[in-house]
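Coordinate analysis (summary)
So the chains spell out like this:
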Amino acid sequence: MIETEAYRFVFKPMGMAQMGQVRALEREALAHLERPDLLRRNTEQMWRECLQPPHLCLGAWVGEELAGFGVLYVPERGGVEDLSHSLTRVDGRQCASANFKICIVRPCWRGHHLQVQLGQRLAAEAKARGIGLLCATASPHNSASVKGLLRLGYCEDSQVEKYGFERTLFYRIN
Ligand SMILES: CC(C)(COP(=O)(O)OP(=O)(O)OC[C@H]1O[C@@H](n2cnc3c(N)ncnc32)[C@H](O)[C@@H]1OP(=O)(O)O)[C@@H](O)C(=O)NCCC(=O)NCCS
């Protein structure tokens with residue numbers, strides 16, 4: 001069983017109005033990273049996409065403070081963002097898929113399994129939409145991210161090159 005402290009956080013979908021807060025959190029997280037290759041800086045265009053349907057950016061709030069957020073990204077089938085087509089252990093073409101694209105927790109809120117709490121909620125939303133397969137990538141050196149994905153029931157598939165770095169591709173039958 002995953003121990004969580006869900007009572008602390010209020011989970012709310014975010015939109016374009018929260019672009020500034022999302023970018024500020026991204027900058028803060030990047031500044032605290034042990035290694036710069038653990039996380040890729042998203043482009044403005046990518047954030048725009050993430051903050052609008054059909055994608056879902058879910059924020060975790062403590063009062064007025066944004067503690068973290070996670071993104072469910074619904075790629076165009078067969079498009080460049082469609083990770084399911086790179087899977088080697090399952091046939092990713094069999095069902096609708098989405099990516100647990102990014103998750104960032106404010107450095108001072110790390111260690112509360114917020115990534116897991118966000119990932120569970122995004123998976124539930126995906127399921128409600130009939131999405132039966134979730135994909136994610138993480139740097140093999142990003143142990144915090146990898147631990148969270150494994151806790152969420154993601155399985156390792158293979159090593160892929162993404163954003164110019166080696167990444168581990170994960171999937172979860174939803
Ligand atoms: C990866 C990340 C989202 C995990 O979020 P989280 O909610 O803190 O994760 P958890 O609480 O489940 O902790 C996972 C691991 O992180 C490490 N960790 C926990 N608190 C930490 C802290 N304050 N500082 C550094 N590492 C910490 C521990 O190894 C922990 O594993 P453990 O529970 O077995 O001890 C978060 O670390 C983060 O935002 N990192 C920077 C952005 C990033 O790399 N995102 C993932 C790629 S999109």
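Summary of the structure given here. (Residues numbered from 1 in each chain as written. Predicted model: local features only at pLDDT ≥ 70, side-chain atom pairs only at ≥ 80, totals over all residues. Heavy atoms only, no water.)

Some words on the sheet that holds strand S7 (residues 165-173)
Strands sit in the order S1-S2-S3-S4-S5-S7-S6 across an open sheet of seven strands; the sheet is mixed. Strands at the two margins of the open sheet, each flanked by one partner only, are strand S1 (10-14) and strand S6 (155-162). Between one strand and the next, the sheet's axes are offset by a mean angle of 30 degrees, whatever the strand orientation. Against the sheet, helix H1 (residues 19-32) touches S1, strand S2 (56-62), strand S3 (65-73) and strand S4 (97-105), its axis set at about 100 degrees to S3. (Pairing = 2+ DSSP bridges. Helix = DSSP H or I, 4+ residues; strand = E, 2+ residues; numbered from the N terminus. Axes fitted to C-alpha atoms, helices over the stretch in contact; angles between N-to-C directions. Contact = heavy atoms within 4.5 Å.)

Describing the site of the ligand
As a matter of local geometry, the ligand sits amid 17 residues, with Cys103, Val105, His113, Leu114 and Asn142 nearest to it. Here Cys103 contributes a backbone N or O atom positioned 2.8 Å from a nitrogen atom of the ligand. At a separation of 2.8 Å, an oxygen atom of the ligand approaches a polar side-chain atom of Arg110. For the ligand, whose accessible area on its own is 920 Å², the fraction buried by protein is 77%. (Near = heavy atom within 4 Å. Polar contact = N/O pair within 3.5 Å; in protein donor to acceptor, adjacent residues only side chain to side chain. Areas by Shrake-Rupley, 256 points an atom, 1.4 Å probe, with all protein chains shown as cover.)

Here's the deal with the packing of aromatic side chains
Two numbers describe a pair of aromatic rings. These are the distance of the centres and the angle of the planes. What the rule picks out here adds up to four aromatic pairs. Residues Trp47 and Phe69 carry aromatic rings whose centres are separated by 5.6 Å and whose planes lie at 75 degrees to one another, so their mutual orientation is edge-to-face. Pair noted here: Trp47 is in helix H2 (residues 44-50) and Phe69 is in strand S3, with a separation of 22 residues, a long-range link. Like Trp47, the residue Phe69 is buried in the burial classification. Ring-pair connections join several aromatic residues into one group, and the members of that group are Phe9, Phe11 and Trp109. Here the basic side chain of Lys12 rests over the ring of Trp61, its NZ or CZ set 5.5 Å away from the ring centre. Above the face of the Phe11 ring, Arg121 is positioned so that its terminal group lies 3.8 Å from the ring centre. (Phe/Tyr/Trp six-rings, centres within 6.5 Å; stacked < 30°, edge-to-face > 60°. Buried < 20%, exposed > 50% of the residue type's maximum accessible area, 1.4 Å probe, protein only. Lys NZ or Arg CZ within 6 Å of the ring centre and 35° of its normal.)

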